[in-house]
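# Overview (structure and organization)
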Amino acid sequence: MKKLALISLAAVAASSAFGQAWEFSGISINYTNGYWSLGCQFDVLNPVSVYALGSYDDNGDGFLSGSQDVGIFDMSSNLLASTTVTSSDTLLGHFRYASITPLYLAAGRYMIASTTGIDNYTWATSGFYTDPNIAFVTDAYSASATLVAPTGGGGTAGGDGWWGPNMLIHPVPEPASMAVLGLGLLAVVRRRK
């Protein structure tokens, strides 16, 4: 039975794609003006697991500063997960990603931020969209050379956040979905016997 449960979990995981929490089709601004910890507040609408954290790479050619720190915070500014993204990490769209130990995010509000160092960041992008399990709330930033929970913001970034950060997420299946899949696999196994 334990083996069947593991097979069920693997099948559910394989049936859903890992995706970026947000992305955009066009950039009108690449800019730097100091050291920032910037990003956004976002709502998790349906539970997700975060498998990688990312940071904006303006030209897709690596970071001038060599690396950027990225972190997810709860609304009390507690750091839930963080990593350092380097120029050699995987580029997907406008962001480079570094893997983390999977972080479960229940429905609720969170913050994400990344350091900018001497690298460009962007805002007021075109074609901005989010994963259906995530809702963008507002931009957020703090003047800081190190990763901190951003305290400023509130709609000044032209309708999206300061990018900055991103994350690769995977929806967490509801227990009922896993039970149905498990029963289906059990029926297949019994039928074969």
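Above this text you will find the structure in question.
Keep in mind that what you see is a predicted model, and the values were worked out from it rather than measured.

### Structural notes on the overall build of the chain
When its secondary structure is counted, the chain shows two helices and 13 strands. In the chain, which comprises 193 residues, the share counted as buried stands at 44%. For the chain, long-range pairs separated by at least 24 residues make up 81% of all intrachain contacts whose partners lie at least 6 apart in sequence.

### Brief notes about the pairing of strand β13 (residues 165–171)
Burial runs high along β13: six of the seven residues are buried. Here strand β1 (residues 19–20) pairs with β13 via two bridges, running antiparallel. By the bridge assignment for β13, Gly-19 is matched with Ile-169. Two elements, strand β4 (residues 48–56) and β13, share seven bridges in a ladder whose sense is antiparallel. Across the sheet, Val-50 pairs through a bridge with Ile-169, a residue of β13.

What counts and how
- Residues numbered from 1 in each chain as written.
- Predicted model: local features only at pLDDT ≥ 70, side-chain atom pairs only at ≥ 80, totals over all residues.
- Heavy atoms only, no water.
- Helix = DSSP H or I, 4+ residues; strand = E, 2+ residues; numbered from the N terminus.
- Buried < 20%, exposed > 50% of the residue type's maximum accessible area, 1.4 Å probe, protein only.
- Contact = heavy atoms within 4.5 Å.
- Pairing = 2+ DSSP bridges.

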